[in-house]
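Letter by letter, the chains look like this.
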Amino acid sequence: VVSANGHPDFPIQNLPYGVVQFELFQPEIVVAIGPFALRLRGALEAGWGEDLSLEIRAALMAPWLNELAALRPADWTAVRLALSDALADPAWEDRLRPAMELIPDDASSFDHNVPVHVGDYTDFYASIYHATNVGALFRPDQPLLPNYKWVPIGYHGRASTIDVSFTVVDRPRGQIMLPGATAPEYLWTRALDYEVELGLILGDAAGLRWPTTAETARDRIFGVVLLNDWSARDIQSWEYQPLGPFLSKSFRTTVSPWIVTSDALRPFEVPMPRRPAGDPAPLEHLTVPDDFTWSIQLETQIETSGMREQDLPIHTVSRVNYADAMYWSPAQLVTHHTSNGCIMNVGDLLGTGTISGPTPDSCGCLLEMTKRGTQPIILPGGESRGFLEDNDVVQILGYCEAPHAVRIGFGDCSGSVETDE
Ligand code: CA
C-alpha cells in the first residue's frame, strides 16, 4: 500500500488492530494501514490468509480481539506476517481495496469499540517520578513510601469504566472535604485531572494457565494502548486512606482505539534503566533476565473552548518518554500481578500508572504539573488551568522512533469534559 509509506502512525511496520462497528454490521476487526482501516473479514472473503490455520481465521472473524489475543505469540506473528506480505504486494492491492475504509481525520466519527473485552482492569503506580512528585505534595518529609522500591504498587480498577477514545466525561460528583470545613459535602469535583498512561493487554490463554514467571511474562503481553485514567483529586484526597483510590477513579477510563502489538514494538525495545546506586535489587522472583521497556514518546495536549473560539491550535502541555520514567518494567508488572497465584485472563488490562519525568514539562497529570492547582499552567490565549474545566479536550498522543526503524504511532486517546447539571 504505497500511501502508507511515511504515514506518521500507521506505516506497514505497525499494523495495529482495532474493532469498528459499521452501520448495520456486527463489530469487526480492522487493521490500520496508512490512512485506511482494512476490514479483516472482507480480506478473508477476498482470499487473503488462506495459509493461516482455521483457528486463526476464526479468531479474525470475531467481534473483538480476545480470540486472537488468546492464541499463542507465534500465531500473532503469523497473522502479522501474512498481513505484511499481502499489503506489500501490488498484486493484492486490487483484491483488498473493497475491504479498505478511509479512516476519517476526525476519528470521533468513526465508530470504534474498545478493541478487547476487558474482564479485569488493574492500575499500577510504576513511575518513580510520579510517585515522588505526588508523595511530596501530601508528605513533604517522606515523598516515597518505604515499600516503593520493593513492590510494584497497584490497585484494582473497574472494567466497566473503560471507554474508547473519543470519550465524553461527565464531571463526577462525590464526597469532598472543602478547605477549612469540618464535614464533607456531596459536590461536583473541582479538581478533575487526567493521567497519561500505557495499558498492557494480556493474551496467550495457554500461557496464562501456567504461573507467569519473570522469564515468560513478556510473552503474555499481546499489545499496548494509550490510557487516560481520569481522576477527581478532591474526592481522592478524602477517600484514599487506608485502602487507596476508589470512586475518584472509577467514573471513566479512556483507551486509544488501536492496539499496537508487542511484535510491532520490538524495534523500540530498550533495556530497563539501571537502578541508582544504593537502591535495593528486586527480589529474585521479580528479577527479569534481559529486562526491557519500550521507547514510547508521549505528548499531552489540551484545548479549551476559549482556544477553539479564537482558532488557536491544541496546545502541548507535556512530553515524556516511557522508557525514562518507570521504576518497574512491563514484565515486572505482569510477574508481580501473578506472583500470588492470581488468575489472569485474556483481555485483562494493566495500566502502568501515570508516566511522569522529573521536570514539570514532563509530568503526566495536572496534579503534579500545577502543584495541586496552586501553580496553574498558562495556555495560548491567556487562560490558565489548575485542573480541567468544562469543554476542555485532553488528547494523548504516542509514537516510537529509533535509529534504523520506521516511526510508528498509537493514534490518539482523547476525551472532553462536561457537567451534566
Ligand atoms: Ca492511574
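Before reading further, recall that the structure is shown in the block above.
Every chain's residues receive numbers from 1 upward, in the order its sequence appears when written. Local features in a predicted model are, by the rule used here, given only for residues with pLDDT of at least 70; side-chain atom pairs are given and counted only at 80 or more, and totals for whole chains, interfaces and linings are based on all residues. Hydrogens and water molecules were not included; the side-chain quantities draw on all heavy atoms of the structure.

Q: Please clarify how the coordination of the calcium ion should be interpreted in this entry.
A: Because water is not among the atoms used, a metal site may look incomplete, as its donors are only the N, O and S atoms within 2.8 Å, or 3.2 Å for Na, K and Ca. At 2.2 to 2.3 Å from the calcium ion lie its protein donor atoms, namely Asp-123 (OD), Glu-195 (OE), Glu-197 (OE) and Asp-229 (OD). Written as a sequence motif, the donor arrangement for the calcium ion is D-x71-E-x1-E-x31-D.

Q: Where do I start with the sheet that holds strand β20 (residues 297–303) in this structure?
A: The strands making up a sheet associate through hydrogen bonds between their backbones, and the pairing can be parallel or antiparallel. DSSP-based pairing: two strands are paired if at least 2 bridges between them are found. By the criteria applied, helices consist of DSSP H or I runs no shorter than four residues and strands consist of E runs no shorter than two, each listed in order from the N terminus. Within the open sheet, the 5 strands sit side by side as β9-β26-β25-β20-β21. Their pairing is mixed. Whereas interior strands pair on both sides, the edge strands pair on one side only; in this sheet they are β9 (167–170) and β21 (315–321). Sheet twist, expressed as the mean angle between neighbouring strand axes with direction ignored, is 20 degrees. The axes used here are C-alpha line fits, helices contributing only the stretch in contact, and every angle between their N-to-C directions lies in the interval 0 to 180 degrees.

Q: I would appreciate a short explanation of helix α12 (residues 330–338) in the present structure.
A: Helical geometry note: an α-helix holds 3.6 residues per turn, so side chains three or four residues apart project in the same direction. Residue burial is assigned from relative accessible area. The probe radius is 1.4 Å, only protein chains are included, and a residue is buried under 20% of its type maximum, exposed over 50%, and partly exposed in between. Of all the 9 residues making up α12, 8 are buried; the element is thus mostly covered by neighbouring parts of the structure. Here α12 has its buried residues at Pro-330, Ala-331, Gln-332, Leu-333, Val-334, Thr-335, His-337 and Thr-338.

Q: Looking at this structure, I do not really get the environment of Pro-11. What am I missing?
A: Structurally, the position occupied by Pro-11 is in the segment before β1 (17–20). Taking the C-alpha atoms as reference points, Pro-11 and Val-406, 395 residues apart in sequence, are found 7.8 Å from one another.

Q: Looking at this model, I keep getting lost on the pattern of salt bridges. Mind explaining?
A: Opposite charge on two side chains permits pairing when their charged atoms draw close. We count a salt bridge whenever a side-chain nitrogen from Lys or Arg sits within 4 Å of a carboxyl oxygen from Asp or Glu. Scanning the entire structure with this criterion turns up 19 salt bridges. The closest approach of N and O atoms between Glu-28 and Arg-39, which form a salt bridge, is 2.8 Å. Here Glu-28, found in strand β2 (residues 28–33), pairs with Arg-39, found in strand β3 (residues 36–39); they are 11 residues apart in sequence, far enough to count as distant. Its relative accessible area of 3% is what places Glu-28 among the buried residues. Judged by relative accessible area, Arg-39 falls into the buried class, the value being 14%. Salt-bridge contacts for Arg-385 lead to Asp-392; the nearest nitrogen and oxygen are separated by 2.7 Å. A single burial state applies to Arg-385 and to Asp-392, both of which are buried. Shared partners join several salt bridges into a network, and the residues in it are Asp-193, Glu-195, Asp-229, Arg-233 and Lys-249.

Q: Would you take a moment to explain the packing of aromatic side chains for this structure?
A: Working definition: a ring pair exists when centres of Phe, Tyr or Trp rings (six-membered ring for Trp) sit within 6.5 Å. Plane angles under 30 degrees give stacked, over 60 give edge-to-face, the rest tilted. Following the criterion strictly, the structure yields 9 aromatic pairs and no others. Ring geometry for Phe-292 versus Trp-294: centroids 5.5 Å apart, planes at 75 degrees, classification edge-to-face. Residue classification places Phe-292 among the buried residues on the basis of a relative accessible area of 6%. Here Trp-294 and Tyr-322 contribute two aromatic rings whose centre-to-centre distance is 6.5 Å and whose plane-to-plane angle is 25 degrees, an arrangement assigned as stacked. Of the two residues, Trp-294 sits in strand β19 (residues 292–294) while Tyr-322 sits in helix α11 (residues 322–325), which places them 28 residues apart along the sequence. Judged by its relative accessible area of 0%, Tyr-322 is buried. An aromatic cluster of at least three residues, connected via ring pairs, comprises Tyr-125, Tyr-148, Tyr-327 and Trp-328. Whether a charge sits over a ring comes down to the Lys NZ or Arg CZ being within 6 Å of the ring centre and within 35 degrees of the ring normal. Seen from the ring of Phe-36, Arg-97 lies directly overhead, with NZ or CZ sitting 5.5 Å from the centre. The ring of Tyr-399 has Arg-407 sitting right over it, with the charged end atom 4.0 Å from the ring centre.

Q: Would you explain the state of the cysteines in this entry?
A: Criterion for a disulfide: a pair of cysteine sulfur atoms at a distance within 2.5 Å. Here the structure, examined in full by the defined rule, presents 0 disulfides. Here Cys-365 is not disulfide-linked; the sulfur of Cys-363 is the nearest cysteine sulfur, at 6.8 Å.

Q: So what exactly am I meant to see when it comes to helix α4 (residues 73–87) here?
A: What a helix is expected to span follows from its residue count: subtract one and scale by 1.5 Å. Over its 15 residues, α4 runs 21 Å from end to end, which matches the ideal 21 Å to within 8%, given 1.5 Å per residue. Among the residues making up α4, those that are buried are Asp-75, Trp-76, Val-79, Arg-80, Ala-82, Leu-83, Ala-86 and Leu-87. All buried residues of α4 fall inside an arc of 160 degrees around its axis, so they share one side. Exposed positions of α4 whose direction lies more than 90 degrees from the buried face are Ala-74, Leu-81 and Asp-85. In this description, the arc belongs to the directions extending from the helix axis to the C-beta atoms.

Q: Even after reading the chapter, I still don't get the sheet that holds β1, so can you show me in this structure?
A: Spatial strand order, β4-β3-β2-β1-β5: 5 strands in an open sheet with antiparallel pairing. The open sheet is flanked by β4 (100–102) and β5 (112–113), the only strands paired with a single partner. In this analysis, two residues are considered to be in contact whenever any of their non-hydrogen atoms come within 4.5 Å of each other. Where α4 meets the sheet, it contacts β1, β2, β3 and β4, and its direction lies at approximately 85 degrees from that of β1.

Q: How should the nonpolar core be read in this particular structure?
A: Note on soluble globular proteins: their nonpolar side chains tend to be buried together. To qualify as a nonpolar core, a set must consist of buried Ala, Val, Leu, Ile, Met, Phe, Trp, Tyr and Cys residues joined through side-chain atoms within 4.5 Å. Formed by 111 residues in total, the largest nonpolar core has its most connected members in Tyr-17, Leu-38, Trp-48, Leu-68, Leu-83 and Tyr-194. Not counting chain neighbours up to four residues away, the residues in contact with Leu-68 comprise Tyr-17, Ala-59, Leu-60, Trp-76, Val-79 and Phe-222. Grouped together as the second largest cluster of nonpolar side chains are 8 residues, Phe-22, Val-30, Ala-32 and Ala-37 included.

Q: Sorry if this is basic, but what is going on with unusual backbone geometry here?
A: Glycine aside, negative phi is the norm for most residues, and most peptide bonds take the trans geometry. The amide bond that connects Ser-165 to the next residue, Phe-166, takes the cis arrangement and shows omega of 10 degrees. With respect to the secondary-structure elements, Phe-166 resides in the loop between β8 (162–164) and β9. Going from Gln-241 to Pro-242, the amide bond is cis rather than trans, its omega being 5 degrees. Inspection of the secondary structure puts Pro-242 in the loop between α8 (233–239) and β16 (253–255).

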